[in-house]
Amino acid sequence: MSIRHGLLALLERGPRYGSQLRTEFESRTGSTWPLNVGQVYTTLNRLERDGMVAQGGEDPAGHTLYAITDSGRAELRTWFEKPVDRTSPARDELAIKLAMAVGAPGVDIRDVIQSQRRHTVKAMQDYTRLKAQALLAVEGGGARERDDVAWLLVLEQLIFQTEAEARWLDHCESRLIRLSGTAAAGTTPATRTAAAAPAAPTSSATAPVAPAAPGTPAS
């Protein structure tokens, strides 16, 4: 997640101070990715170092205000225009967990999958309920309409993501069942090839020897 670009997008609407940026960021994303004030100010310091924001005085309460610079606006435009890079995907804890669970002593990977599926389905139900609330807020209009629309888009992305995860878990379970059946039948690709090949002749007779029966196919 690009916190720096999110803060730049908020600063483009006008100068803000740190805790104000945190509140607006979480409002826009429905607190899906909560920030702490330390993260915000650390990011602001880096943006200031890179010339993308500058301190712009104080508000009446004495909070230091930050404003976006021309360099920051150019960076923000580039971020909006450039597709998110998928060639180096972020580490996915669930994929790593299942990969490590394969063959791990004392671990039944099917139990791991079933436990995760229950959690994923529960999360999908929760997101769907929140989506219904967000839709009501959007249809009702009001001062927070922009934040409500943004939250709705985030929720729909989370719903699609959990639906895909549930399908992937089903696929993993089916794959393991098929592989387990293949192993139980003793029909690896090498043994199937060997079984299907003609048997070597035992004499110099001209009559060909009947080929061996093929091995049992994988389920």
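For the structure, check the block above.
For clarity, every value in this text was computed on a predicted model and none was experimentally measured. (Residues numbered from 1 in each chain as written. Predicted model: local features only at pLDDT ≥ 70, side-chain atom pairs only at ≥ 80, totals over all residues. Heavy atoms only, no water.)

1. Details of the environment of Leu-65
With respect to the helices and strands, the residue Leu-65 is situated in strand β2 (residues 64-68). In this structure, Leu-65 is in contact with Pro-15, Arg-16, Tyr-17, Ala-54, Gln-55, Gly-56, Gly-57, Glu-58 and Asp-59, ignoring residues within four places of it in sequence. (Helix = DSSP H or I, 4+ residues; strand = E, 2+ residues; numbered from the N terminus. Contact = heavy atoms within 4.5 Å.)

2. What about the pairing of strand β1 (residues 53-58)?
Pairing analysis gives four bridges linking β1 to β2, with the strands arranged antiparallel. Pairing of Val-53 across the sheet is with Ile-68, part of β2. A loop of five residues connects β1 with β2, the two strands running antiparallel in sequence, and Gly-62 in this loop sits at a positive phi of about 90 degrees. (Pairing = 2+ DSSP bridges.)

3. A look at the pattern of salt bridges
Under the definition given, this model contains 12 salt bridges. Among the ionic pairs, Arg-73 bridges to Asp-70, the shortest N-O distance being 3.4 Å. Of this pair, Arg-73 and Asp-70 both sit in helix α4 (residues 70-81), three residues apart, roughly one helical turn. The exposure class of Arg-73 is partly exposed, given its relative accessible area of 33%. With a relative accessible area of 63%, Asp-70 lands in the exposed category. Note that Glu-173 and Arg-117 form a salt bridge whose closest N and O atoms lie 2.9 Å from each other. Of the two residues, Glu-173 is situated in helix α7 (residues 145-185) and Arg-117 in helix α6 (residues 109-140); the sequence distance between them amounts to 56 residues. Across the pair, exposure class does not vary: Glu-173 and Arg-117 are buried alike. Several salt bridges share partner residues, and in doing so they unite Arg-4, Arg-49 and Asp-50 into one network. (Salt bridge = Lys/Arg side-chain N within 4 Å of Asp/Glu carboxyl O. Buried < 20%, exposed > 50% of the residue type's maximum accessible area, 1.4 Å probe, protein only.)

4. Details of the side chain of Asp-59
Among the structural elements, Asp-59 can be located in the loop between β1 and β2. Comment: no salt bridge for buried Asp-59; closest opposite-charge side chain is Arg-16, at 10 Å. A distance of 2.7 Å separates a polar atom in the side chain of Asp-59 from the backbone nitrogen of His-63. Other than its neighbours up to four places away in sequence, Asp-59 contacts Tyr-17 and Leu-65. (Lys, Arg positive; Asp, Glu negative; His and termini not counted. Polar contact = N/O pair within 3.5 Å; in protein donor to acceptor, adjacent residues only side chain to side chain.)

5. Re the packing of aromatic side chains
Centre distance and the angle of the planes are the two values used to describe a pair of aromatic rings. In total, this model carries two aromatic pairs according to the counting rule given. Relative to Phe-80, the ring of Trp-79 lies with its centre 5.3 Å away and its plane at 40 degrees, an arrangement referred to as tilted. Residue class for Phe-80 comes out partly exposed when judged on its relative accessible area of 48%. (Phe/Tyr/Trp six-rings, centres within 6.5 Å; stacked < 30°, edge-to-face > 60°.)

6. What to know about the packing of helix α1 (residues 3-11) against helix α2 (residues 18-29)
It is at 10 Å that the axes of α1 and α2 come closest, and there the two elements cross at 100 degrees. With respect to their mutual orientation, α1 and α2 come out roughly perpendicular. Across the interface between the two elements, Gly-6, Leu-7, Leu-10 and Leu-11 of α1 pack against Leu-21, Glu-24, Phe-25 and Arg-28 of α2. (Axes fitted to C-alpha atoms, helices over the stretch in contact; angles between N-to-C directions. Parallel < 35°, antiparallel > 145°, perpendicular 65-115°, else oblique.)

7. A look at the environment of Glu-24
Counting through the fold element by element, Glu-24 comes out in helix α2. As a C-alpha pair, Glu-24 and Leu-10 span 14 residues in sequence and 7.7 Å in three-dimensional space. Sequence-distant contacts of Glu-24, that is, excluding residues within four places in its chain, are made with Leu-10, Arg-13 and Arg-16.

8. Description of the nonpolar core
Formed by 16 residues in total, the largest nonpolar core has its most connected members in Leu-7, Leu-8, Leu-11, Leu-21, Val-40, Leu-44 and Val-53. Those elements that provide at least two residues to this core are α1, α2, α3 (37-49) and β2. For this core, the element with the highest residue contribution is α1, accounting for five residues. Not counting chain neighbours up to four residues away, the residues in contact with Leu-21 comprise Leu-7, Leu-10, Leu-11, Arg-16, Val-40 and Leu-44. (Core = buried A, V, L, I, M, F, W, Y, C linked by side-chain atoms within 4.5 Å.)

9. Comments concerning helix α5 (residues 93-101)
What α5 keeps buried is the set Leu-94, Leu-98 and Ala-101. Angularly, the buried residues of α5 cover 65 degrees about the axis, an arc narrow enough to put them on a single face. Set apart from the buried face of α5 by more than 90 degrees, the exposed residues are Glu-93 and Met-100. Here α5 starts with a cap whose side-chain oxygen sits 3.0 Å from the backbone nitrogen of Leu-94, and that cap is Asp-92. Two residues or fewer past α5, Gly-103 is found with a positive phi of approximately 75 degrees. (Arc of directions from axis to C-beta.)

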